[in-house]
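Read off the chains here:
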Amino acid sequence: MEKAQEWINYGIELAKEFGPKLITAILIYAIGTWIIKRIIGTSKKVMSKSKYDESLQRFLLNLVSWALKIFLIIIVISRLGVDVTTFAAVIAAAGLAIGLALQGSLSNFAGGVLIMIFKPYRIGDLIEAQGVLGVVKEIEIFTTKLTTPENKLAIVPNGAMANGNIVNYTAEGKIRVDTVIGVGYNEDIKKTKEVLMNVLTSNDKVLQDPAPSVNVMELADSSVNFAVRPFCKPEHYWDVYFAIYENCKLALDAANIEIPYPHSVEIHKEG
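Predicted, not measured: the structure shown is a model, and the values here were computed from it.

I'm lost on the nonpolar core in this one. Help?
Soluble globular proteins: nonpolar side chains tend toward being buried together. One finds I181, L196, F226, V228, I244 and L252 to be the most contacted residues of the largest nonpolar core, which totals 25 residues. Counting residues per element, the ones that place at least two in this core are β7 (179-183), α6 (189-201), β9 (224-229) and α7 (237-254). Core analysis: the next-biggest nonpolar cluster, separate from the first, contains twelve residues, V132, I139, L146 and A154 among them.

Could you clarify how one ought to interpret the packing of aromatic side chains in this entry?
The relation between two aromatic rings is expressed through the spacing of the ring centres and the mutual angle of the planes. For the coordinates displayed, the defined rule picks out seven aromatic pairs. Taking the centre distance of 4.9 Å and the plane angle of 90 degrees together, the rings of Y237 and W238 count as edge-to-face. Under the relative-accessibility criterion, Y237 is labelled buried at 2%. Residue class for W238 comes out partly exposed when judged on its relative accessible area of 34%.

Just checking my understanding: could you explain the pairing of strand β3 (residues 143-147) for this structure?
Residues in a regular strand point their side chains to alternate faces of the sheet. By the criterion of burial, β3 is predominantly enclosed, with four of the five residues buried. Bridging between strand β2 (residues 132-139) and β3 involves four bridges; their strand directions are antiparallel. Among the inter-strand pairings, E138 is bridged to a residue of β3, identified as K145. Following β2, the chain reverses through three residues before pairing antiparallel with β3. Two strands pair when backbone bridges link them, and β3 and strand β4 (residues 153-157) are joined in this way by five bridges, in the antiparallel orientation. Among the inter-strand pairings, T144 is bridged to a residue of β4, identified as V156. Between β3 and the antiparallel strand that follows it, β4, lie five residues; N151 among them carries a positive phi value of about 65 degrees.

Even after reading the chapter, I still don't get the confidence of the model for the protein chain, so can you show me in this structure?
Chain-level statistics for the protein chain give a pLDDT mean of 81 and a share of 77% at 70 or above. Throughout residues 263-271 the model reports pLDDT below 50, and contacts reaching past four residues in sequence, or to other chains, amount to 19 contacts.

What am I meant to see in the side chain of R176 here?
Of note, R176 is situated in strand β6 (residues 175-176). A relative accessible area of 13% means that R176 is categorised as buried. A polar contact is formed between the side chain of R176 and the side chain of D178, at a distance of 2.7 Å.

Would you take a moment to explain unusual backbone geometry for this structure?
Leaving glycine out, the prevailing phi sign among residues is negative, and the prevailing peptide bond configuration is trans. Residue P210 is bonded to the preceding D209 through a cis peptide linkage, with omega at 0 degrees. Topologically, P210 is positioned in the loop between α6 and β8 (213-219). In this structure, Q130 takes a positive phi of about 55 degrees despite not being glycine. Its location among the elements puts Q130 in the loop between β1 (126-129) and β2. Judged by its relative accessible area of 42%, Q130 falls in the partly exposed class.

Would you mind going over α7 with me for this structure?
Note on helix geometry: an α-helix contains 3.6 residues per turn, so any two residues three or four positions apart are oriented the same way. Taking 1.5 Å as the rise per residue, α7 with 18 residues should run 26 Å; its terminal C-alpha atoms sit 26 Å apart, in good agreement. Along α7, the residues classified as buried are Y237, V240, Y241, A243, I244, Y245, C248 and L252. Structurally, α7 contributes buried residues whose contacts are with β6, β7, α6, β9 and β10 (231-232). Residue N256 follows α7 closely and has a positive phi angle near 60 degrees.

Hey, could you run me through the pairing of β8 in this one?
Taken together, the six bridges between β8 and β9 define a ladder with antiparallel strand orientation. Looking at β9, one finds that E218 is bridged to N225. Hairpin connection of β8 to β9: four residues between the antiparallel strands.

So what exactly am I meant to see when it comes to the sheet that holds β8 here?
Two modes of strand pairing occur in sheets, parallel and antiparallel, and in both the strands are linked by backbone hydrogen bonds. Strands sit in the order β7-β9-β8 across an open sheet of three strands; the sheet is antiparallel. Edge strands, defined here as strands with exactly one partner in the open sheet, are β7 and β8. When the angles between neighbouring strand axes are averaged without regard to direction, this sheet yields 30 degrees. Where β7 lies against β9, five bridges are found, and the strand directions are antiparallel. Its bridge partner lying in β9, G182 is registered against N225. Relative to β7, α7 is tilted by about 15 degrees, and along the sheet it contacts β7 and β9.

Cut-offs and rules
Residues numbered from 1 in each chain as written. Predicted model: local features only at pLDDT ≥ 70, side-chain atom pairs only at ≥ 80, totals over all residues. Heavy atoms only, no water. Core = buried A, V, L, I, M, F, W, Y, C linked by side-chain atoms within 4.5 Å. Buried < 20%, exposed > 50% of the residue type's maximum accessible area, 1.4 Å probe, protein only. Helix = DSSP H or I, 4+ residues; strand = E, 2+ residues; numbered from the N terminus. Phe/Tyr/Trp six-rings, centres within 6.5 Å; stacked < 30°, edge-to-face > 60°. Pairing = 2+ DSSP bridges. pLDDT = per-residue confidence, 0-100. Contact = heavy atoms within 4.5 Å. Polar contact = N/O pair within 3.5 Å; in protein donor to acceptor, adjacent residues only side chain to side chain. Expected span 1.5 Å × (residues − 1). Axes fitted to C-alpha atoms, helices over the stretch in contact; angles between N-to-C directions.

Take a look at the structure:
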């Protein structure tokens with residue numbers, strides 16, 4: 001009976017000593033969590049009004065949220081009587097060990113930060129990087145996701161993206177579609193140019209500024225090759241590319257202009 005009374009008295013003493021600290025810590029955590037939510041919500045509204053890039057907005061909000069949560073946890077722990085200096089040393093040691101084990105991930109994280117800051121590309125841009133051509137679907141902290149013309153998902157590490165060459169076809173808002181059409185040597189050059197130019201000007205996805213062009217490019221072995229070069233918006237590239245070949249063939253046939261043989265084409269894109 002006496003032993004039980006001793007345990008009861010010990011529990012009461014602990015409650016008197018640590019009870020107020022525990023209650024205070026819980027209140028600090030609850031109020032701090034509410035304040036963090038308000039700060040993040042307000043920051044999100046401010047960024048939306050300021051028209052921040054969507055990817056940059058998410059990245060910054062997550063970064064601020066985690067920083068504030070860590071700061072709040074340190075305050076709560078210190079209120080419970082834990083030595084914050086010792087706690088910080090343990091966290092630093094653990095962080096160093098994790099950092100050494102995840103050097104590649106940290107490199108990708110740093111690359112993601114650089115991409116967010118310098119914005120070599122944005123969501124929706126058509127880019128070519130690391131041997132991949134595609135539309136930027138998402139920019140995450142460690143990787144960039146691209147949708148290729150074959151509708152495949154390509155995931156490229158941000159470290160490689162930040163340190164490699166990037167060709168952004170969307171940045172200038174216009175892209176040139178380079179095609180080559182060959183006709184027989186006996187055909188009239190002026191007439192052929194008019195037929196091909198009519199194909200370009202009749203396509204509503206072909207831009208008039210810069211103006212499309214049709215020029216003799218090469219006197220090949222069996223054909224006179226014309227460089228047919230319209231400009232369009234990056235999202236219309238493939239529509240214009242396929243339409244030009246099809247409609248040029250139909251227009252030349254209708255004008256009785258000979259296409260001597262099928263020929264291979266080297267595509268060259270310029271923004």
